[in-house]
Amino acid sequence: MDPTQKKTMNRSVLKMKNGLPYFEIPEMAKLGWLRHGFLTRRGGVSSPPYDSLNVGDANGDQDGNVFRNRAKIAETFGFEPSRLILLNQIHQDRILLLKDAFPDLPSLLEYDALITNIPNLFSGILTADCIPIFVVDHKKRVFAVIHAGRQGTAMNITAKVIRRLKKDFASSPQDLIVGMGPSIGPCCYEIDEKVFLSEWEPFSTSKGTGKWMVDLSRINLDQIEKEGIKQDQIFAVDLCTRCQNDLFFSYRKEAQTGRQLSFIGIKQTTTG
Ligand SMILES: [Zn+2]
């Protein structure tokens, strides 16, 4: 198939709970044991330029506001704030694998992806233009979170996570559901040719001045499809964070800004 052919991705739906707007993937919401949401910048307590639902604590916002925003999200979606494991995303391709038992974790988690099957463990990705990606194995009851920016995408982090699911959890591609969150679109994502990869050409437009407009979502979509996942298993919040700056934090638009949370977790069952 011609990779430049515009594909229509399955959509997410916008919902509202306790004053928090969020996007949901219907195919994931249908699974009774899973909770997830791609939150926006709205509904929190932080002041500009972090207004208002900033979840990132490394960008200059007051710790108290970040804490209150995280607590509101946890309360709204029914989990303990202490069960939300966030990564210190470093734009690399390291994957944290947590299998079967809740671990003692170091405070500094320098990873850009996490895979787990542990109930009542929530994880998430913080973004302001990069792509938050969830991969769920609906049969094995495993999920992965991925932080895919330019550097992670160049290192094929999304493909690597799917390969780990196959290797460590015996996941079959046909059992996987993928959700891609809001990120900067090809309308707004300009990069210098110094960091441009030739393999991205089918998903990019040259500006003829040493600059490229790049479609990071389609590059990740290509990685996902090459791992055997079909179009009808892939869903997206198909909105550009920079264009929709009223709804999302955008680093490219604002530079000093907050981070929105995309979270996912396996609901605690009464049988343990
Ligand atoms: Zn845009």
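This text goes with the structure placed above it.
Everything numeric in this text was worked out from a predicted model, so none of it was measured.

(A) Quick look at the sheet that holds strand E5 (residues 84–86). If you trace the six strands from one edge of the open sheet to the other, you get E2-E3-E4-E16-E8-E5, paired in mixed fashion. With partners counted over all chains shown, the strands left at the sheet margins are strand E2 (13–17) and E5, one partner each. For this sheet the average axis-to-axis angle between neighbouring strands, irrespective of direction, equals 35°. In this sheet, strand E16 (residues 260–266) lies alongside strand E4 (residues 34–39) in antiparallel orientation, the contact comprising five bridges. Bridge pairing links Phe-38 to Ser-262 in E16. Sheet contacts for helix H2 (residues 63–77): E2, strand E3 (20–24), E4, E5 and E16; angle to E4, the most-contacted strand, approximately 140°.

(B) How the structure looks around unusual backbone geometry. Following Pro-48, the chain continues to Pro-49 via a peptide bond in cis, the omega torsion being 5°. For the bond from Asp-51 to Ser-52, the omega torsion is -5°, close enough to zero to count as cis. With respect to the secondary-structure elements, Ser-52 resides in the loop between E4 and H2. Residue His-91 is not a glycine yet carries a positive backbone phi of 60°. Tracing the chain through its elements places His-91 in the loop between E5 and strand E6 (95–98). Overall, His-91 belongs to the partly exposed group, with 16 C-beta atoms counted inside 10 Å.

(C) How the structure looks around helix H4 (residues 157–169). A rise of 1.5 Å per residue sets the reference length of H4, with its 13 residues, at 18 Å; its end C-alpha atoms lie 17 Å apart and thus fit the reference within 8%. Considering only its buried residues, H4 is in contact with E6, strand E7 (113–116), strand E9 (131–137), strand E10 (142–148), helix H3 (150–154) and helix H5 (216–226). Following H4 by one or two positions, Ala-170 has its phi on the positive side, about 55°.

(D) Representation of the nonpolar core in the model. By size, the foremost hydrophobic cluster in this structure holds 61 residues, and its most contacted members are Val-135, Ala-144, Val-161 and Val-178. If one sorts the elements of this core by residue count, E10 sits on top with six residues. Every residue in contact with Ala-144, bar those within four places of it in the chain, is listed here: Ala-113, Leu-114, Ile-115, Phe-134, Val-135, Val-161 and Leu-165.

(E) Region of interest: the sheet that holds strand E13 (residues 204–206). Sheet architecture is open: three strands sit in the order E12-E14-E13, paired in antiparallel fashion. In this open sheet, the two edge strands, each paired with only one partner strand, are strand E12 (190–192) and E13. Here the strands of the sheet are splayed against their neighbours by 30° on average, with no regard to which way each runs. Bridging between E12 and strand E14 (residues 211–214) involves three bridges; their strand directions are antiparallel. Paired with Asp-192 across the strands is Lys-211, a residue of E14.

Cut-offs and rules
Residues numbered from 1 in each chain as written. Predicted model: local features only at pLDDT ≥ 70, side-chain atom pairs only at ≥ 80, totals over all residues. Pairing = 2+ DSSP bridges. Helix = DSSP H or I, 4+ residues; strand = E, 2+ residues; numbered from the N terminus. Axes fitted to C-alpha atoms, helices over the stretch in contact; angles between N-to-C directions. Contact = placed C-beta atoms within 7 Å. Buried ≥ 20, exposed ≤ 12 C-beta atoms within 10 Å, placed from the backbone. Expected span 1.5 Å × (residues − 1). Core = buried A, V, L, I, M, F, W, Y, C linked by C-beta atoms within 7 Å.

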